[in-house]
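What the coordinates show
Given next are the chains, with one letter for each unit.
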There are 2 protein chains.
Amino acid sequence: MKQLINSSGNIRQHLLAGLTYTYNDKLNWHAQTGIVTKKIIPNDKVVLISGGGCGHEPAHVGYIGENMLDCAVMGTIFEPPASSEILQAIEKTYNGHGTLLIIKNFEKDLARFLEAERLAKAKGMLISHVVVDDDCSIESGTFKKRRRGVAGTIFVHKILGAAASEGKTLDELQLLGENLIPMIKTLGVAFSPASPIGVIPQQYELAEDEMYFGIGIHGEPGYRIETMQSSERIAIELVNKLKQQYDRNELEKAAILVNGLGGIPLLELGIFMNDVQQLLDIEDIGISYKRMGNFLTAYNTDGLSLTLLAIQDEKWLDYLNIPTDAFGWK
Amino acid sequence: MKQLINSSGNIRQHLLAGLTYTYNDKLNWHAQTGIVTKKIIPNDKVVLISGGGCGHEPAHVGYIGENMLDCAVMGTIFEPPASSEILQAIEKTYNGHGTLLIIKNFEKDLARFLEAERLAKAKGMLISHVVVDDDCSIESGTFKKRRRGVAGTIFVHKILGAAASEGKTLDELQLLGENLIPMIKTLGVAFSPASPIGVIPQQYELAEDEMYFGIGIHGEPGYRIETMQSSERIAIELVNKLKQQYDRNELEKAAILVNGLGGIPLLELGIFMNDVQQLLDIEDIGISYKRMGNFLTAYNTDGLSLTLLAIQDEKWLDYLNIPTDAFGWK
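Residues numbered from 1 in each chain as written. Chains lettered and ligands numbered in written order. Predicted model: local features only at pLDDT ≥ 70, side-chain atom pairs only at ≥ 80, totals over all residues. Heavy atoms only, no water.

1. Section: the overall build of chain A
Secondary structure assignment for chain A yields eight helices and 12 strands. Expected size for 330 residues packed as a compact globule is a radius of gyration near 20 Å; at 19 Å, chain A falls within 12% of this value. Considered along the principal axes of its C-alpha atoms, chain A spans approximately 50 × 50 × 40 Å. Each of the 330 residues in chain A was classed as buried or not, and the buried ones make up 64%. Put simply, of all contacts in chain A between residues at least 6 apart along the chain, 72% involve residues at least 24 apart. Total accessible area on chain A stands at roughly 11200 Å², and carbon and sulfur atoms take up 48% of it. (Helix = DSSP H or I, 4+ residues; strand = E, 2+ residues; numbered from the N terminus. Rg over C-alpha atoms; globule rule 2.2 N^0.38 Å. Buried < 20%, exposed > 50% of the residue type's maximum accessible area, 1.4 Å probe, protein only. Contact = heavy atoms within 4.5 Å. Areas by Shrake-Rupley, 256 points an atom, 1.4 Å probe, with all protein chains shown as cover.)

Okay, structure coming up:
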């Protein structure tokens with residue numbers, strides 16, 4: 001795929017300028033940084049911050065809004081922001097009710113967000129974090145689970161965001177996150193490798209008729225390359241693998257997310273959603289909530305992911321259903 | 001790009017099943033047909049119907065909702081529905097207040113929608129239409145304007161939709177449409193040709209480093225192939241060409257739409273929006289309304305279009321700003 005950019009060094013600047021211009025009624029960009037916040041930082045609730053590299057739009061800037069995030073800290077493409085910038089974001093939004101960091105489980109993301117948390121704590125701030133690790137792909141050699149943080153992260157943004165607006169304390173939110181996250185499982189499939197702009201070398205090749213199960217959101221490899229399958233066959237593979245991650249009694253009621261990786265037409269997501277629905281119907285898994293679209297993308301990747309959230313508490317559904325004005329949540 | 005489908009003959013079925021499953025709180029699909037309506041057809045206002053081929057998702061099913069369409073009639077990929085099916089849709093939704101068809105200016109679309117209108121009139125129904133022809137690309141040989149109906153169509157859906165909800169009569173809506181449509185101008189650019197599934201042969205080739213200005217939404221050719229340009233250069237070309245379509249006094253206040261053709265990352269639309277904004281600022285064109293995202297796509301095409309709407313009446317802005325629950329309008 002071709003890349004529509006200006007000069008690569010300024011991608012983050014250009015992107016955040018464009019996003020915050022488009023949504024300038026809601027968002028406030030701290031120019032020259034990767035920090036975007038709500039227009040008005042709430043002073044009566046725990047502050048929720050997430051972030052990571054660019055290249056996953058609308059994540060995470062698109063999840064700033066009522067009942068979701070208060071702030072997103074963005075790095076350059078596929079590269080999380082520096083600890084110092086995360087610390088700045090924590091300080092800019094601190095309101096005395098505590099701050100919760102929602103971190104995707106990648107080595108660099110963890111290191112930088114946790115360092116910023118450490119620094120904030122040393123300054124006496126009330127702060128905590130949760131780590132999202134919903135990807136249940138496995139390494140093809142070792143069969144080790146990868147546990148990357150991928151599309152399921154947006155369920156965490158929404159549920160914890162709504163709970164924070166309801167007035168839950170930092171400890172309560174962390175506990176809610178720790179109960180919620182193990183119930184979220186995601187698997188992705190790519191029809192083309194990601195081609196980030198001069199940041200990470202392309203990590204795998206796919207032939208014209210090949211696809212890759214279990215890929216990550218930064219062009220990381222998956223667990224099996226196959227010749228291109230029908231939507232139905234891909235749905236069978238993903239639903240089966242995801243189902244196996246749960247005890248049967250956990251999965252009576254589920255929320256699902258059919259997430260485009262950014263380069264896939266909505267037409268194909270619609271066809272895939274139809275196949276997923278039929279499979280879950282056969283399994284007697286009740287779908288209480290569903291979303292479809294580009295929610296957490298992987299720059300220049302043609303592909304999709306499927307996320308299941310096994311609902312253990314009706315309250316989770318209420319939190320999903322509460323409206324938000326975050327532009328990425330549609 | 002690869003195509004994620006099942007068997008090509010059933011694409012429309014699979015797609016509409018998936019879309020209407022996902023939004024089953026709002027939409028009602030008349031199974032086996034291409035007709036999707038609001039869950040409850042309003043009985044106190046003019047009915048708005050649009051449609052065309054599939055492959056432009058979220059158009060047009062995504063624009064069914066409060067203050068937008070009441071019904072969409074969809075054909076197969078890049079092929080409008082049959083007149084008989086459009087007539088069925090008119091009959092199913094008819095409430096005595098009249099029906100307005102919003103038609104994109106393509107030969108087949110016109111022929112079939114107008115034939116359905118003729119048949120409905122013969123049955124004594126109150127019905128009328130508007131034709132959207134916002135594309136201002138020109139044929140490269142003849143310099144003839146193409147006047148296809150493209151992304152600007154969704155501004156028509158929204159403005160006429162909100163006006164219909166306000167209680168305007170069929171005649172008033174048609175007049176509003178006829179005033180509005182000449183003020184909407186769109187130009188598109190492709191970085192890859194559309195590759196529809198066995199429907200229309202690929203109409204042009206692009207080399208790895210080439211792009212095409214002025215393309216259509218069904219893989220139609222444009223007016224100039226060039227080597228890939230920066231976002232800023234593309235913004236200059238599109239803004240200049242669009243501006244020339246207006247008298248200067250018409251373009252003091254504008255609404256803009258940065259529309260992805262479906263295969264382009266939101267990151268790139270954000271960068272492009274930033275460039276467009278800067279150019280319009282320099283020109284002293286006030287942007288009173290803006291949207292960015294995949295609104296009217298061209299199946300499997302990497303590219304974008306820019307639409308300007310020169311606001312001649314503050315009421316148009318009010319209609320744009322009235323909320324809707326249509327899932328494609330975000």
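2. Examining the sheet that holds strand β3 (residues 47-54) of chain B
Residues and elements named next belong to chain B. Strands sit in the order β1-β2-β4-β3-β5-β6 across an open sheet of six strands; the sheet is mixed. A strand with exactly one partner marks an edge of an open sheet, and here the two such strands are β1 (27-29) and β6 (127-132). The mean angle between the axes of side-by-side strands here comes to 25 degrees, regardless of whether they run parallel or antiparallel. Sheet topology note: the β3/strand β4 (residues 71-77) ladder contains five bridges and is parallel. Across the sheet, residue Ile49 finds its bridge partner in β4, namely Cys71. Against the sheet, helix α4 (residues 153-165) makes contact with β3, β5 (99-104) and β6, and its axis sits at roughly 170 degrees relative to β5, the strand it touches most. Running over the sheet, helix α5 (residues 170-180) touches β3, β5 and β6 and is turned about 10 degrees from β6. (Pairing = 2+ DSSP bridges. Axes fitted to C-alpha atoms, helices over the stretch in contact; angles between N-to-C directions.)

3. Digging into the domain arrangement of chain A
The figure often quoted for interface size is the accessible area lost as the parts come together. All names here are of chain A. Split by domain assignment, chain A resolves into domain 1 (8-182) and domain 2 (183-321). Between domain 1 and domain 2, the C-alpha centre-to-centre distance is 22 Å. Contacts between domain 1 and domain 2 engage 42 residues on the former and 40 residues on the latter. Taken together, both faces of the contact between domain 1 and domain 2 bury some 3300 Å²; the carbon and sulfur share is 66%. Considering only the surface of domain 1 that becomes buried against domain 2, Phe78, Cys136 and Phe155 emerge as the three largest contributors, covering 21% of it. Summed over the shared surface of domain 1 and domain 2, the number is one salt bridge. Summed over the shared surface of domain 1 and domain 2, the number is 18 residue pairs in polar contact (both at pLDDT 80 or more). Put simply, the parts of the chain that give the side of domain 1 that touches domain 2 at least two residues each are α4 (153-165) and α5 (170-180). For the side of domain 1 that touches domain 2, the element with the most residues is α4, which contributes eight residues. Here the side of domain 1 that touches domain 2 is composed, by residue class, of 21 nonpolar, 10 polar and 11 charged. (Domains from an automatic or database assignment. Buried area = accessible area lost by both parts, 1.4 Å probe. Salt bridge = Lys/Arg side-chain N within 4 Å of Asp/Glu carboxyl O. Polar contact = N/O pair within 3.5 Å; in protein donor to acceptor, adjacent residues only side chain to side chain. Nonpolar A, V, L, I, M, F, W, Y, C, P; charged D, E, K, R; others polar.)

4. Some details on the interface of chain A and chain B
Taken together, the contacts link 56 residues of chain A with 56 residues of chain B. Here chain A and chain B share an interface that buries about 4600 Å² over both sides, 63% of which is from carbon and sulfur atoms. When the buried area of chain A at its contact with chain B is split by residue, Lys2(A), Leu4(A) and Tyr21(A) rank highest and sum to 20% of it. At the surface where chain A touches chain B, the tally comes to zero salt bridges. For the pair chain A and chain B, the interface holds 16 residue pairs in polar contact (both at pLDDT 80 or more). Put simply, the parts of the chain that give the side of chain A that touches chain B at least two residues each are α1 (11-22), α6 (231-243), α7 (266-282) and β11 (286-293) of chain A.

5. A closer look at the pattern of salt bridges
In total, this model carries 32 salt bridges over all chains according to the counting rule given. Of the charged contacts in the structure, one is a salt bridge between Arg224(B) and Glu226(B), with a shortest N-O distance of 2.7 Å. What emerges from the salt-bridge pattern is a single network uniting Arg224(A), Glu226(A), Glu237(A) and Lys241(A).

6. Structural notes on the pairing of β11(A)
Residues and elements named next belong to chain A. Where burial is concerned, most of β11 is hidden: six out of the eight residues are buried. In terms of strand pairing, strand β10 (residues 253-260) meets β11 through seven bridges, oriented parallel. By the bridge assignment for β11, Ile256 is matched with Lys290. The β-α-β motif built from β10, the intervening α7 and the parallel element β11 has right-handed crossover chirality. (Right-handed = clockwise from strand over helix to strand, strands pointing away.)

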